[in-house]
Amino acid sequence: MSSALSPLSVPHTVTWPDERPVAVVGAAGHTGRFVVRELLNRGARVVLVGRDRAKLDGLGELAPDAPVRVASTGDAASLDRALEGASAVVNCAGPFLATALPVAQAALRARLPYLDVAAEQAVTAALFDTYDARAKEAGIVLAPSVAFYGAVGDLLATAALGDWTEVDEVVLAYALDSWLPTLGSRLTGKSNAGQQLAYTDGKLRPFDYTPQEFPWEFPEPFGTQGAAPFATADQVTISRHVRTPEVRAVMNLAPLRDVRDATTPEPVPADSSGRSAQTFLVEAAVRRGGETRRAVAGGRDIYAVTAPLVVEALARILDGRSRATGVVAAGAAFDAADFLRALTPEHFTRLDLPEPV
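Computed from a prediction, not measured in an experiment: that's the story for all the values here.

**Structural notes on the side chain of E283**
Then step 1. Along the polypeptide, E283 turns up in strand β13 (residues 279-288).
Then step 2. Ignoring any residue separated from it by four or fewer positions in sequence, one finds E283 in contact with V171, L172, A173, P219, R294, A295 and V296.

**A few points about the sheet that holds strand β15 (residues 326-327)**
Then step 1. Taking strand neighbours across the sheet as the criterion, the seven strands line up as β3-β2-β1-β4-β5-β6-β15 in an open arrangement whose pairing is parallel. Two strands lie at the open edges of the sheet, namely β3 (68-70) and β15, each paired on one side alone.
Then step 2. As paired strands, strand β1 (residues 22-25) and strand β2 (residues 46-50) are joined by four bridges and run parallel to one another. Its bridge partner being in β2, V24 is matched across the sheet by L48.
Then step 3. Strands β1, β2 and β4 (88-91) of the sheet are contacted by helix α1 (residues 30-41), whose axis makes an angle of about 165 degrees with β1.

**Here we look at the environment of V24**
Then step 1. Take V24: it is sitting in strand β1.
Then step 2. Sequence separation between V24 and V47 is 23 residues; the distance between their C-alpha atoms is 6.1 Å.
Then step 3. Apart from residues no more than four positions distant in its own chain, V24 is found in contact with G32, V35, V36, L39, V47, L48, V49, V90 and C92.

**Let's talk about helix α6 (residues 148-161)**
Then step 1. Compared with the 20 Å implied by 1.5 Å per residue over 14 residues, the 20 Å span of α6 between its first and last C-alpha is a close match.
Then step 2. Just beyond α6, the residue with positive phi is G162, at close to 60 degrees.

**Overview of unusual backbone geometry**
Then step 1. Omega for the peptide link from G94 to P95 comes to -5 degrees, which places this bond in the cis form.
Then step 2. Tracing the backbone through its elements, the reader meets P95 in the loop between β4 and α4 (96-110).
Then step 3. P221 follows E220 through a cis peptide bond whose omega is 15 degrees.
Then step 4. Structurally, P221 can be placed in the loop between β10 (214-217) and β11 (224-229).
Then step 5. One non-glycine residue, S145, adopts positive backbone phi at about 55 degrees.
Then step 6. Locating S145 in the fold gives a position in the loop between β6 (141-143) and α6.
Then step 7. By relative accessible area, S145 is classed as buried at 1%.

**What to know about the pairing of β11**
Then step 1. Both β10 and β11 contribute to a ladder of four bridges, which runs antiparallel. Note that in β11 the partner of E217 across the bridge is T224.
Then step 2. Linking two consecutive strands that pair antiparallel, namely β10 and β11, is a turn of six residues; a positive phi of about 65 degrees is found at G223 within it.
Then step 3. Across three bridges, β11 lies against strand β12 (residues 247-252) in antiparallel orientation. Paired with P229 across the two strands is V250, which belongs to β12.

**Looking at the pairing of strand β9 (residues 203-206)**
Then step 1. As defined by bridge partners, strand β8 (residues 197-200) adjoins β9 across four bridges and the pair is classed as antiparallel. Of the residues in β9, the one forming a bridge with A198 is R205.

Rules and cut-offs
Residues numbered from 1 in each chain as written. Predicted model: local features only at pLDDT ≥ 70, side-chain atom pairs only at ≥ 80, totals over all residues. Heavy atoms only, no water. Helix = DSSP H or I, 4+ residues; strand = E, 2+ residues; numbered from the N terminus. Contact = heavy atoms within 4.5 Å. Pairing = 2+ DSSP bridges. Axes fitted to C-alpha atoms, helices over the stretch in contact; angles between N-to-C directions. Expected span 1.5 Å × (residues − 1). Buried < 20%, exposed > 50% of the residue type's maximum accessible area, 1.4 Å probe, protein only.

Purely spatial values, then, with no claim about function.
Rendered as structure tokens:
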């Protein structure tokens, strides 16, 4: 498959904080290409890592000077070789139920920061449960689900909290005008079937697949639409650092119908950036008693916006702006409001945050 992204013409003016390259695992995938391009645009060097040499070589127009290293998650030695000389690893290789733990283990062996863009809740929870102590002992950051699902809702909810340290519930509302899933999303959906989770009564529990539809008032321009409960990685990441018994998520029906329809096509670029025309809006509402605080972000292309999210997080880890080591959520690791503003308006075309308290 040829790259949908055009080569860079104008470099980013910000200096990348580490001269060593970033190893991008799954670099030839749909989201991996966006991540490679964003890293190069920020002034970083990259190493292209994946299972298929031909697909990696196909990135030559996007990253002509980047070394290529073939590695498999079933071959620990190949992963170790792929990470040699790197400053960090960004895992874009889904399904993450198969890749996240082996690549995170390789990062731990190399004592490198690890970030991934996983949407699968179970593997995100497993990283927190399995590797937090080891990562803290090594003094490194492992940051799972730094992506549209896993970071946007988490950052918005954290920004909305303000001076609150505990809330009765967090509600995330996702509105997409459409959802054209990538092949990776299709494969993830199959591998993740029956493993979705909800955070309720203070615990992660199996998601209730009972069909439920109800009207929901989304912020404009979406307005009131039919919606249904939704399982998102943010329910895992938020619950790891926000004191609340409930993290609920809903999504409007149109994208849910798209992603459940086997005939829905893959996304196509709408401009030279490679982004599709899809629009999104995410609202986080945190409630304590009778008071609710809200934060909203909107933009284009849920896959493309993952790249600036994970690259901004990595830049802050490498330059020392991460608040913690171990396995961390984006909302816990960084100043959430500052992080979101740093991506506005280039990547978030709308950002509504409450006034600081």
